[in-house]
Amino acid sequence: GNSVTQMEGPVTLSEEAFLTINCTYTATGYPSLFWYVQYPGEGLQLLLKATKADDKGSNKGFEATYRKETTSFHLEKGSVQVSDSAVYFCALSDNVGNEKLTFGTGTRLTIIP
Amino acid sequence: SQTIHQWPATLVQPVGSPLSLECTVEGTSNPNLYWYRQAAGRGLQLLFYSVGIGQISSEVPQNLSASRPQDRQFILSSKKLLLSDSGFYLCAWSVVSSGNTIYFGEGSWLTVV
């Protein structure tokens, strides 16, 4: 079956530091890949996505590249801000029509001023 | 534009009491609808999904049930809550035109005491 493995948290960084949150996946076929973000006390928001190999998703300074050869979709940001503090979830959809998502366990990110 | 609402936002219920969480989607037709649960310190687990009125698929056996009485309404229920039902419940939707992207509601915090 499908699975998503992401970097264990929590992660604490200083403001303006470089961020990487690792995500690898196992899936049959050609899944779509997603990063969702959950700010404190809120639901999940789509951050970015990529639907095929070598696609790069980007939003709000975050980027992730769909790497089929390494089955990875690592999240990166060059300079984090305090407002980026949240829980980040990597997820995949296996594109068989019902768009069910398989999530990783989430990585809590805290940015300190 | 499409919006999704779920309520109540927070709920404290005694063990053995019933549960009803409601979710409605506006601005779209024939959406796929989902209920996810996020238990404390854990990732997101798909509980139910629905591709149409009266069509419910259960992903995890449990004492919860779901119903879809109208095209854009999805209800999560239980006849008798357990302590282990505590968590953050998220309703979500997708349509073909959203390109495999699932959009989430604000979430409902359930504490069973």
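Residues numbered from 1 in each chain as written. Chains lettered and ligands numbered in written order. Predicted model: local features only at pLDDT ≥ 70, side-chain atom pairs only at ≥ 80, totals over all residues. Heavy atoms only, no water.

Draft legend 1. Local environment of the sheet that holds strand E8 (residues 62–65) of chain A. Residue and element names in this part refer to chain A. Strand order across the open sheet formed by 4 strands is E3-E9-E8-E7, with antiparallel pairing between neighbours. Each edge of the open sheet carries a strand with a single partner, namely strand E3 (19–21) and strand E7 (56–59). Taken over all neighbouring pairs, the strand axes of this sheet differ in orientation by 15° on average, direction set aside. One ladder, built from 3 bridges, connects E3 with strand E9 (residues 75–77); its direction is antiparallel. In the strand pairing of E9, Leu19 is matched with Lys77. (Pairing = 2+ DSSP bridges. Helix = DSSP H or I, 4+ residues; strand = E, 2+ residues; numbered from the N terminus. Axes fitted to C-alpha atoms, helices over the stretch in contact; angles between N-to-C directions.)

Draft legend 2. Structural context of the sheet that holds strand E8 (residues 73–78) of chain B. All names here are of chain B. The strand order across the open sheet formed by 4 strands is E1-E3-E8-E7, and the pairing between neighbours is antiparallel. Edge positions in the sheet fall to strand E1 (3–7) and strand E7 (64–70), since each has one partner strand and no second. When the angles between neighbouring strand axes are averaged without regard to direction, this sheet yields 15°.

Draft legend 3. Seen up close, the state of the cysteines. Across all of its chains, the model carries 2 disulfides over all chains by this definition. Sulfur-sulfur distance for the disulfide between A:Cys23 and A:Cys90 comes to 1.9 Å. Taking the sign of the S-S torsion, -70° for the link of A:Cys23 and A:Cys90, the bridge is left-handed. Residue A:Cys23 is found in strand E4 (residues 23–26), and its partner A:Cys90 is found in strand E10 (residues 86–93); the two are separated by 67 residues along the sequence. Neither residue differs from the other here; A:Cys23 and A:Cys90 are each classed as buried. Residue pairing for B:Cys23: its cysteine sulfur links by disulfide to B:Cys91, the two sulfurs lying 2.0 Å apart. Since a negative S-S torsion denotes a left-handed disulfide, the B:Cys23-B:Cys91 link at about -75° is left-handed. Pair noted here: B:Cys23 is in strand E3 (residues 19–26) and B:Cys91 is in strand E9 (residues 87–94), with a separation of 68 residues, a long-range link. Here B:Cys23 matches B:Cys91 in class, with each residue buried. (Disulfide = S-S within 2.5 Å. Buried < 20%, exposed > 50% of the residue type's maximum accessible area, 1.4 Å probe, protein only.)

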